[in-house]
Structure formats: structure tokens, C-alpha cells
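Structural features, examined
Now for the letters of each chain:
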Amino acid sequence: MVDYMVEAEMLYHAGAYAEAGALFHDLWDQGHTDAGVRYAACLRKAGHTASALTVSRRLVRQTPADPRARAELGWALLETLASSAQAAHDLRRLEAIADEALRDGQGSAVAEIVLTVVEEALHQLEWDTANAWCDRLEPAQLDGASTFEDGQRRASPRERWYSAKVRALLHLHRWHHARALALQALSLRPQSIEFARLAARALAGQGELLQAQADLHTLHLRRPLDWSTLYELARVDFQLGYGRAAACHAARAALIPGDERYRVELFILLADILADQGQFEVAACHVVLARSWYTRQRQTAPGRLKKLEGRLRAALALSDQRFPDVTLAGLSAIRQRCQREWQTMASWLPVGQ
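Each value, and the rule that gives it
Residues numbered from 1 in each chain as written. Predicted model: local features only at pLDDT ≥ 70, side-chain atom pairs only at ≥ 80, totals over all residues. Heavy atoms only, no water. Phe/Tyr/Trp six-rings, centres within 6.5 Å; stacked < 30°, edge-to-face > 60°. Helix = DSSP H or I, 4+ residues; strand = E, 2+ residues; numbered from the N terminus. Lys NZ or Arg CZ within 6 Å of the ring centre and 35° of its normal. Polar contact = N/O pair within 3.5 Å; in protein donor to acceptor, adjacent residues only side chain to side chain. Axes fitted to C-alpha atoms, helices over the stretch in contact; angles between N-to-C directions. Parallel < 35°, antiparallel > 145°, perpendicular 65-115°, else oblique. Left-handed = near helix turned anticlockwise from the far one by under 90°. Contact = heavy atoms within 4.5 Å. Nonpolar A, V, L, I, M, F, W, Y, C, P; charged D, E, K, R; others polar.

**Some thoughts on the packing of aromatic side chains**
According to the stated counting rule, one finds seven aromatic pairs in the structure shown. For the ring pair tryptophan 28 and tyrosine 39, a centre distance of 5.9 Å and an interplane angle of 40° mean the geometry is tilted. On the criterion of sequence distance, the pair formed by tryptophan 28 in helix α2 (residues 17-29) and tyrosine 39 in helix α3 (residues 33-45) is long-range, its members being eleven residues apart. Every member of this aromatic cluster is reached through a ring pair, and the members are Tyr12, Tyr17 and Phe24. For the cation-ring pair, arginine 244 lies above tryptophan 348, with the distance from its terminal atom to the ring centre recorded as 4.5 Å. Directly above the aromatic system of phenylalanine 323 lies the positively charged group of arginine 313, at a separation of 4.1 Å from the ring centroid.

**Things to note about the side chain of serine 192**
Mapped onto the elements, serine 192 comes out in the loop between α10 (175-188) and α11 (193-205). Within the structure, the side chain of serine 192 is placed 3.3 Å from the backbone nitrogen of glutamate 194, a separation counted as a polar contact.

**Things to note about the packing of helix α12 (residues 209-222) against helix α13 (residues 227-240)**
The interhelical angle for the contact between α12 and α13, taken along N-to-C directions, is 150°, at an axis separation of 9 Å. By the angle between their axes, α12 is roughly antiparallel relative to α13. Seen from above, α12 lies across α13 with left-handed handedness. On α13, the residues that touch Leu209, Leu210, Ala212, Gln213, Leu216, His217, Leu219 and His220 of α12 are Thr229, Leu230, Glu232, Leu233, Val236, Asp237, Gln239 and Leu240. Partitioned by chemical class, the residues of the contact of α12 with α13 number nine nonpolar, five polar and two charged.

Here it is, written out as C-alpha cells:
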């Protein structure tokens, strides 16, 4: 049996999963538990994911305390079920998979499934859900090593946890807890612009606007083309009543490419700033940009966007102007109009400010 096990291991490490799997299956039938775990792994790596999951679940039922069987179940759940649920943006299904993973699995794959739930909850703006699932992981037990893929650095699982947890807390207006965690994350990775920015945002939430503004200015000098820092700076400027500076920083942020699911908040901020300055038509164009994203994502627009739209419709009606309602096909002209406005507003302050 030992010789067959050695041969099966050699085939496995050579990537011959079908041949290795046949030997591991025979050894498993003879009562070799470790061979059963390897057989499940061979099925998974050979693309027979449904069978791999079935075998992994059976192994955990037979030997529930076996860490290798539980770890393999974690990988089977991740690659078989979690990946497809994530692709479908099925958050409730992801939660059910994560429940099973936490109950019966263990290891890095289980943490990855839970982080997938958290990140999908953030994507769907379910802040309470994201926050609750963060609490089912212990950050100190997560891998803190970052990896590189195609020359690009990927955040470690621990960094992803801190980022998600702080973001959820910020949206829940739990400012003190958010800042404490952001500073804790910053102590682990002092060079992080993201955690420094999140700490400043939490500070602003506590009402320390001038200190938050100063911190964000410092970050902006370090990374002048980071649109997220410019966005946060524009938010604080606007709260302080510096409308012209807010418009300039927000416009500069808008001119920098970025993920539109995050930039939608920037469009809403620009609409607020412009409406406050009496530029109702241009503000309405930014409302259209923001609203179109929610439409494409089949999500309900937040109440503050609806309230802002109502305010702008009323203001435009008073001056016999039409709100720029357009179809999705007509968004190009709206974007071009906004682009011209951004270029103008971006020049309102000297470069470097």
C-alpha cells in the first residue's frame, strides 16, 4: 500500500490527476483516509468539481476532526459553489456556502469564502451584512502576506479584512471604531494610502474636519493622482463650506480613471456641490450619471440621490428648464458635457493645491 501511495503522490505532484486519482481511489477503498483526501483534490484539480465536493463532504462526515479533510472541503466549496455564486452576485447563496464552510471546513479557503461574502455585501451596499460577516473572522489569524500577479500587488487577506470592516463601519457611521481599526491597519502597513485615507474619513465623521482636511492634503501631496484621496478631500472641503476648493478637487478626481461603482459617490458629491452653487443643469447631469449606474446594476438608488434629484427638478422647473432625462444610449452626450465642466473646474486652484 505504501508503494502505491508513493506512486500516487508522484503522479499528483506531476499534475497527472486522472492517473493519481485512480490510485488514490483504490487506496481509499482499502481504508486509507489520507488517500481519500488526495482523491478529492485530484477530482477538483481535474475539473470534476461536483464529484470533488461530494467526496469532500463524505470525508468530513466520516472523519469530522481531520484537518486535511476539512481543508479540502473548504477548497471544494470555494471552487465549486462560491465562485459561481459570486459570478451571479447571489449574496444569499454565498452566505449559505460560507455557513457550511465555517461549520465543516477550515483553512485559507474558508477565509476566502467569507471575504467573498463580505466584498459582495459591500458591492450590494449591504453594510450591516458586510460588518456582521467580518466579525466571523479573526484578522490576526488571516494571512498577512501580499502576493503579486502579473506584476501587480494583491492585498493580503488580512488587509482585505481591515479594508472591508472599516468601510462597513464608515457607512454605518461608527466613526470611532472605524478610525481605531484604520489606525491599527496603518500600524501594520504604514505606507498604505488607503488606510490613512480611511482614518481621515473617520476623523471627519467625528467632526474633526480641519484635522481631516490637513491629513488628506498631506496624502494628496504623496499621491497627487489618487482620485479617492481627492474625493475625500472634496467632501471635507464641502463640509467646511469651501465650495470652490471642493469643486476643484472633485473635478480633478473625476478626470482620473477609476471603478465607476465607487465613482458614483463622486458624481453625487459633484451634483451636491454644483447645486449649492446654483448650477442646477450641470448638477442634474451628474445626477443622471449616478442614477444610470444604479439602473445598470439593477439597484435602487439611495434616498439622498432621489431627494437631490427632486430638488433639482423643482429648481429647473422654476426657471423653465428641462431636467436632462436621457436613455442609456444618450449618456455619451451627458458624459461629454460633464467632462468639459470637470476640465474647467479642475483649473480653479493652482496645481499642487
